[in-house]
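# Understanding the architecture of this molecule
What follows is the residue order along each chain.
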Amino acid sequence: MQCVLTFIISLGLAALLTPIAGRLGQRLGIVDRPGGRRAHKGEVSRLGGVALFAAFVIAIGAAAWRGVLTAGYNPDDFTRLNGLLIGGLGAFLFGLIDDRFDLPPGPQFVFQFMLSLIALATLLWLERFTLPFFGLVALSDYSWGPWAYVPLTILWVMGMMNTVNWLDGLDGLAAGVGAILCLVLALHMHRFGQPSVALLPLALLGALLGFLPYNFAPARVFLGSAGAFFLGYALGGLALIAGGRAPTVLLVMGLPVVDVAWQIFDRLRHRRSPAQADRGHLHFRLLDLGLSERAIVLFYWGFCALFGLLVLVVSTWLYKLIALATIGVVVVVVLAWLSRSGRSH
C-alpha cells in the first residue's frame with residue numbers, strides 16, 4: 001500500500017506540475033530553439049526537470065513523514081539517503097544554471113566531479129558487486145579497497161550523469177529509459193527484502209511517468225539540463241544506495257552506456273574533444289537513416305525493457321555478463337559501420 005501511495009503521489013504531482021513548468025520556461029525564456037542537433041518545431045521549454053525533481057522530493061518527503069521510508073534504517077542508511085538527496089539537489093540546481101546560461105563543458109565536468117565527491121562523502125560507494133566465479137565482492141573489506149572504489153565511484157557518478165544527458169537527444173528517450181530502470185530497480189529491491197528502499201525508485205518512476213506524456217514526440221517540454229543531471233545522479237545513486245545494483249543498471253542501460261563509450265573513443269581517435277556535441281550518437285544515426293523519432297524511442301525502450309526482464313528472470317550472473325558483452329559487441333559494430341558509412345557519403 002505504501003509503495004502504491006508513493007507512486008501515485010509522484011505521478012500525480014508530475015502530471016500537474018509539468019505543464020506549469022513548461023509555461024514558466026516560456027515566460028522566462030528558458031527554451032530550446034530549433035537548430036543544431038534538435039529538429040523540433042518552435043520554442044520548447046527546458047524546465048521539465050523542475051516538475052520531475054519537485055514530484056520526486058515531495059513524494060519522498062511524504063513517505064518519510066509517514067515513517068515508512070526510513071523504517072529499519074541504521075545511521076549509514078541515513079547518510080546514504082542524505083547523499084542521494086543533497087547530491088540530487090546540487091545536480092538539479094547546477095542544471096538550472098546551465099539551462100539559463102548554456103555553460104561550456106568545462107564547468108559541467110567540474111561540477112559533476114564535485115557531485116561525485118558528495119557521493120563518496122555520504123557512503124554512496126561503488127564497492128560491492130557480484131562477479132561470475134567470485135560471487136559477492138566487497139572492496140571495503142580490503143585495505144587497498146579505497147584505491148579501487150574511490151575512482152570507480154567518481155567514474156560511475158560522472159558517467160551516469162553524462163549518459164543520461166547525452167541520451168536526452170530525442171523526445172521521451174531519456175525519461176522512458178529512466179522509467180524502465182526505476183521499475184527494474186524497485187522490483188529487484190522488493191525481491192531482496194528492501195521494501196522501504198524500493199520507495200525511492202518508485203517515487204522517481206511515478207515522476208517520470210507523469211512527465212512523459214508531455215515529453216513524448218512531439219514534446220511540449222524538455223527535461224533540460226536540470227532534469228537530465230538530476231536524473232543521471234539519482235539513477236547512479238539508486239544503484240549504490242542499496243548495495244550492488246550497478247551491474248543491474250549496466251544491463252538495463254547497456255545500449256546507451258556503450259553508445260557513450262563509443263562516442264568518447266570515436267571523438268578522441270579523430271582528435272576532437274570528447275565533450276564536442278555532434279550527431280554521432282546511435283539515436284541520431286538512426287534518425288539520419290530515415291527512421292521516425294517515435295520508432296527509435298520505442299526501439300530503445302523495448303531494448304532496455306528486454307534486458308531489464310533478463311535481470312529479473314535470469315539468476316546466473318555469468319549469463320548476464322554474456323548478455324552485457326553481447327550488447328557491447330553488437331552496438332560497437334553497428335556504430336562503427338554507421339560511422340564509416342556516414343564518412344563515405
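Check the entry above for the structure.
Given the structure is predicted, the values throughout are model-derived calculations rather than measurements.

### What to know about the overall build of the protein chain
Along the backbone of the protein chain there are 13 helices and 4 strands. Rg of the C-alpha trace for the protein chain: 19 Å, near the compact-globule value of 20 Å for 345 residues, within the 12% margin. A principal-axis box enclosing the C-alpha atoms of the protein chain has dimensions of 55 × 45 × 35 Å. By residue count, 53% of the 345 residues in the protein chain fall in the buried class. Restricting to contacts in the protein chain with at least 6 residues of sequence separation, those with at least 24 account for 75%. Only carbon and sulfur atoms are counted for the fraction: they give 69% of the accessible area of the protein chain, which is about 15200 Å².

### Structural notes on the packing of aromatic side chains
In this description, a pair of aromatic rings is defined by centroid distance and the angle of the planes. On inspection of all chains with the given rule, the structure shows 13 aromatic pairs. Ring centres of F216 and W301 lie 5.4 Å apart, and the angle between their planes is 35°; this geometry places the pair in the tilted category. Of this pair, F216 sits in the loop between α7 (195–215) and α8 (224–241) while W301 is found in helix α12 (residues 293–313), placing the two residues 85 residues apart along the sequence. Put simply, the rings of F53, F56, F92 and F230 pair up and form one aromatic cluster. Directly above the ring of F192 sits R245, whose terminal nitrogen or CZ lies 5.4 Å from the centroid. The side chain of R267 reaches across the aromatic face of W166, ending 5.1 Å from its centre.

### Digging into the pattern of salt bridges
Here the structure, examined in full by the defined rule, presents 6 salt bridges. The partner of D77 in a salt bridge is R80, and the shortest N-O contact between them spans 3.4 Å. Taken together, the residues span about one helical turn, with D77 and R80 both in helix α3 (residues 75–101) at a distance of 3 residues. Owing to a relative accessible area of 22%, D77 belongs among the partly exposed residues under this scheme.

### Let's talk about the packing of helix α6 (residues 173–191) against α7
The contact between α6 and α7 brings their axes to 8 Å, and the two run at 160°. Comparing the axis directions of α6 and α7 gives the class roughly antiparallel. With respect to the hand of their crossing, α6 and α7 are arranged in left-handed fashion. Together, A175, G176, G178, A179, C182, L183, L185, A186, M189 and H190 of α6 and P195, V197, A198, P201, L202, L204, L205, L208, L209, F211, L212 and N215 of α7 make up the contact between the two elements.

### A closer look at a nonpolar patch on the surface
A cluster of nonpolar side chains, V110, F113, M114 and L117, forms an exposed patch at the surface whose accessible area comes to about 350 Å². The topology assignment puts F113 in helix α4 (residues 105–121).

Basis of the calculations
Residues numbered from 1 in each chain as written. Predicted model: local features only at pLDDT ≥ 70, side-chain atom pairs only at ≥ 80, totals over all residues. Heavy atoms only, no water. Helix = DSSP H or I, 4+ residues; strand = E, 2+ residues; numbered from the N terminus. Rg over C-alpha atoms; globule rule 2.2 N^0.38 Å. Buried < 20%, exposed > 50% of the residue type's maximum accessible area, 1.4 Å probe, protein only. Contact = heavy atoms within 4.5 Å. Areas by Shrake-Rupley, 256 points an atom, 1.4 Å probe, with all protein chains shown as cover. Phe/Tyr/Trp six-rings, centres within 6.5 Å; stacked < 30°, edge-to-face > 60°. Lys NZ or Arg CZ within 6 Å of the ring centre and 35° of its normal. Salt bridge = Lys/Arg side-chain N within 4 Å of Asp/Glu carboxyl O. Axes fitted to C-alpha atoms, helices over the stretch in contact; angles between N-to-C directions. Parallel < 35°, antiparallel > 145°, perpendicular 65-115°, else oblique. Left-handed = near helix turned anticlockwise from the far one by under 90°. Patch = residues over 30% accessible without salt bridge, like charges linked within 9 Å, V, L, I, M, F, W, Y side chains within 5 Å.

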